[in-house]
Amino acid sequence: MGADSQAGSGNSIISINNDTHSTTTTATTQRKPSSAVKAQNAELHILCFDLSNYNKTTQFLLSCTGVFVLYIIYGYLQELIFTVEGFKPYGWFLTLVQFAYYIIFGMVERRLEAYRTMGAGGAIWTVQPAPRCIPIRTYFVLAALTLGTMGLSNSSLGYLNYPTQVIFKCCKLIPVLVGSIIIQGKRYGPLDFAAALSMCIGLAWFTLADSQMTPNFNSLGVAMISGALLCDAAIGNVQEKAMREHNAPSSEVVFYSYGLGFIYLFVIMLLTGNFFSGFAFCLAHPQETFGYGLLFSLSGYLGIQFVLALVRSSGAPLAATVTTARKAVTIAFSFLLFSKPFTLQYVWSGLIVVLGIYLNVYSKKNKLTFTDLRHRIKQMGAKLSRSPSRKFLVEV
């Protein structure tokens, strides 16, 4: 559940889930006066900053600017860290450092949230956060999936080009679609399956081009990022179900998922001995690891907040479009700022992936079922069958 996996999810998993959760909450409280509902829906905060007084256009522009700036910094720093000589084997240690920073950020956010909600006076550290809503056993599962997503995603950069990793993340719909069918029993229309097929074709073409252009291409990196996407798909479905059933805020989910994930990874690295080698390497390069890691984690965590604000103010489909455009800009910056081979096959295959993303966004606004599709095909068939006879009558 990285920055992109959180957003994806909206940056996004939590962002998309939060949008779903907000819809569910509104539906269950329709007996309230309309003015109260509007006031509740109009509230928009990014940490301790209140954007509710701005109009929709200003909220959208501020959220978009935050998403682009923060995630471009996030991607640049992530790739920069892996350019440090000898760092590639320590992707899991970077994940441990990132989790540690996220725990600190989560503690601060939860107290800010409680301070703002309760309106208490005095120091912020005297305010206790809201009690946990989701059962701890659910967080045990979420933490393991979060660890798989973040750890495998970070480690894959030791074996893949950064643009290839981003293209894989763009195709998160594929495992999410399969996972939601299996876990939640959801049904999807033909546009969703067409989007998934388009992504599969573009992804296969992009990976083939990368294997031909990159001398050190390693299929292990493909396996890692694929595993990260599978965990990401499971996270989205488990989170959505838990947040809907227990009415939990996203800050709680982030805090407990990363907190337990940190404990998991710390114990595993201690048992395997990788903690000490990673810690020794980072001590030898403190600025490039702990320093860049702090900025890398901070930009990712703040990026999540801006994606959440974008979802609340403009809706999940528009947020998905913005985060997709952000990924395209990130790939362009990667080719400009870091030397790597380039071929036009990257462009064509990337456009096919973008087509799949567009179909996915379009399907959210225009629901098309298989029944509707069969009905339209029958109508078209009927029109075509009538057209020759009409032509014959005109000619006679």
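This is a predicted model, so every value here is computed, not measured. (Residues numbered from 1 in each chain as written. Predicted model: local features only at pLDDT ≥ 70, side-chain atom pairs only at ≥ 80, totals over all residues. Heavy atoms only, no water.)

### Looking at the overall build of the protein chain
Then, number 1: When helices and strands are counted, the protein chain shows 16 helices and two strands.
Then, number 2: Residues counted as buried form 48% of the 396 residues belonging to the protein chain.
Then, number 3: A total accessible area of about 19300 Å² is found for the protein chain, and carbon and sulfur atoms account for 67% of it. (Helix = DSSP H or I, 4+ residues; strand = E, 2+ residues; numbered from the N terminus. Buried < 20%, exposed > 50% of the residue type's maximum accessible area, 1.4 Å probe, protein only. Areas by Shrake-Rupley, 256 points an atom, 1.4 Å probe, with all protein chains shown as cover.)

### Remarks on the packing of helix H11 (residues 250-272) against helix H12 (residues 274-284)
Then, number 1: Two elements in contact, H11 and H12, have axes separated by 5 Å at closest approach and are oriented at 95°. Between H11 and H12, the interaxial angle falls into the category roughly perpendicular. On the side of H11, the interface is formed by Phe266, Met269, Leu270 and Thr272, while H12 contributes Asn274, Phe275 and Phe276. (Axes fitted to C-alpha atoms, helices over the stretch in contact; angles between N-to-C directions. Parallel < 35°, antiparallel > 145°, perpendicular 65-115°, else oblique. Contact = heavy atoms within 4.5 Å.)

### A few points about empty space enclosed by the protein
Then, number 1: As a volume, the second largest cavity reaches approximately 50 Å³.
Then, number 2: If you trace the second largest cavity, you find it lined by Ile72, Gly75, Tyr76, Glu79, Tyr162, Thr330, Phe333, Ser334, Leu337 and Phe338.
Then, number 3: The set of elements that each furnish at least two residues to the lining of the second largest cavity consists of helix H4 (56-82) and helix H14 (316-337).
Then, number 4: Its residues assigned to classes, the lining of the second largest cavity shows six nonpolar, three polar and one charged. (1 Å grid on protein atoms, 1.4 Å probe; cavity = no way out; pocket = protein on both sides within 12 Å on 5 of 7 lines; lining within 4 Å. Points joined across faces, edges and corners; volume = space filled by probe spheres on them. Nonpolar A, V, L, I, M, F, W, Y, C, P; charged D, E, K, R; others polar.)

### Section: the nonpolar core
Then, number 1: By size, the foremost hydrophobic cluster in this structure holds 67 residues, and its most contacted members are Val67, Phe87 and Phe93.
Then, number 2: Filtering out sequence-adjacent residues up to four positions away, Phe87 remains in contact with Ile81, Phe82, Leu94, Phe281 and Thr289.
Then, number 3: Formed by 16 residues, the second largest nonpolar core is a distinct cluster that contains Ile134, Ala242, Ala248 and Leu260. (Core = buried A, V, L, I, M, F, W, Y, C linked by side-chain atoms within 4.5 Å.)

### Quick look at the confidence of the model for the protein chain
Then, number 1: Scored by pLDDT, the protein chain comes out at a mean of 75, with 77% of its residues at no less than 70.
Then, number 2: Summarising per-element confidence for the protein chain, the mean pLDDT is lowest in helix H2 (residues 13-28) (36) and highest in H12 (91).
Then, number 3: The low-confidence segment residues 1-41 (pLDDT under 50) makes 100 contacts with residues lying over four places distant or belonging to another chain.
Then, number 4: This stretch, residues 391-396, has a pLDDT under 50; its non-local contacts, to residues over four places away or in other chains, come to zero contacts. (pLDDT = per-residue confidence, 0-100.)

### Some points on H12
Given 3.6 residues per helical turn, the α-helix brings residues three or four places apart onto the same face.
Then, number 1: For H12, the full list of buried residues reads Phe275, Gly278, Phe281 and Cys282. For H12, the buried positions fall inside an angular range of 135° around the axis, keeping them on one side. Exposed residues pointing more than 90 degrees away from the buried face of H12 are listed as Phe276, Leu283 and Ala284. (Arc of directions from axis to C-beta.)

### A word on the packing of H12 against helix H13 (residues 286-314)
Then, number 1: Contact pair H12 / H13: the axes reach a minimum separation of 5 Å and the direction vectors enclose 100°. Taken together, the axes of H12 and H13 are roughly perpendicular relative to one another. Each of Phe279, Phe281, Cys282, Leu283 and Ala284 in H12 lies in contact with H13, whose residues at this interface are Pro286, Thr289 and Phe290.
Then, number 2: Grouping the amino acids of the contact of H12 with H13 by side-chain chemistry returns seven nonpolar, one polar and no charged.

### Points about a nonpolar patch on the surface
Then, number 1: There is a patch of nonpolar side chains on the surface, built from Trp205, Phe342, Leu344, Val347, Trp348 and Leu351 and spanning about 590 Å² of accessible area.
Then, number 2: By residue number, the principal contributor to the nonpolar patch is helix H15 (residues 344-365), which donates four residues.
Then, number 3: If you trace the backbone, Leu344 turns up in helix H15.
Then, number 4: Overall, the relative accessible area of 53% leaves Leu344 in the exposed class. (Patch = residues over 30% accessible without salt bridge, like charges linked within 9 Å, V, L, I, M, F, W, Y side chains within 5 Å. Salt bridge = Lys/Arg side-chain N within 4 Å of Asp/Glu carboxyl O.)

### Some details on helix H6 (residues 136-156)
Then, number 1: Over its 21 residues, H6 runs 30 Å from end to end, which matches the ideal 30 Å to within 8%, given 1.5 Å per residue.
Then, number 2: Here H6 lies mainly inside the structure; 16 of its 21 residues are buried. (Expected span 1.5 Å × (residues − 1).)

### What about the packing of aromatic side chains?
Then, number 1: Applying the stated criterion across every chain, the model contains 21 aromatic pairs.
Then, number 2: Look at Tyr71 and Tyr74: their rings are 6.1 Å apart centre to centre, the planes differ by 80°, and that puts the pair in the edge-to-face class. Of the two residues, Tyr71 and Tyr74 are both situated in helix H4; the distance of three residues between them amounts to about one turn of the helix. Pair check on accessibility: Tyr71 and Tyr74 agree, each one buried.
Then, number 3: Look at Phe93 and Phe275: their rings are 5.8 Å apart centre to centre, the planes differ by 50°, and that puts the pair in the tilted class. Of this pair, Phe93 sits in helix H5 (residues 91-118) while Phe275 sits in helix H12, and the two are 182 residues apart along the sequence. (Phe/Tyr/Trp six-rings, centres within 6.5 Å; stacked < 30°, edge-to-face > 60°.)

### Observations regarding the environment of Gly261
Then, number 1: Checked against the element boundaries, Gly261 lands in helix H11.
Then, number 2: In this view, Gly261 contacts Phe99, Ala143 and Leu147; residues no more than four positions away in its chain are not counted.

### A word on the side chain of Ser299
Then, number 1: Considering the arrangement of structural elements, one finds Ser299 in helix H13.
Then, number 2: Judged by its relative accessible area of 4%, Ser299 is buried.
Then, number 3: A distance of 2.9 Å separates a polar atom in the side chain of Ser299 from the backbone oxygen of Phe296.
Then, number 4: Aside from chain neighbours lying at most four places away, what touches Ser299 is Leu70, Ile73 and Tyr74. (Polar contact = N/O pair within 3.5 Å; in protein donor to acceptor, adjacent residues only side chain to side chain.)

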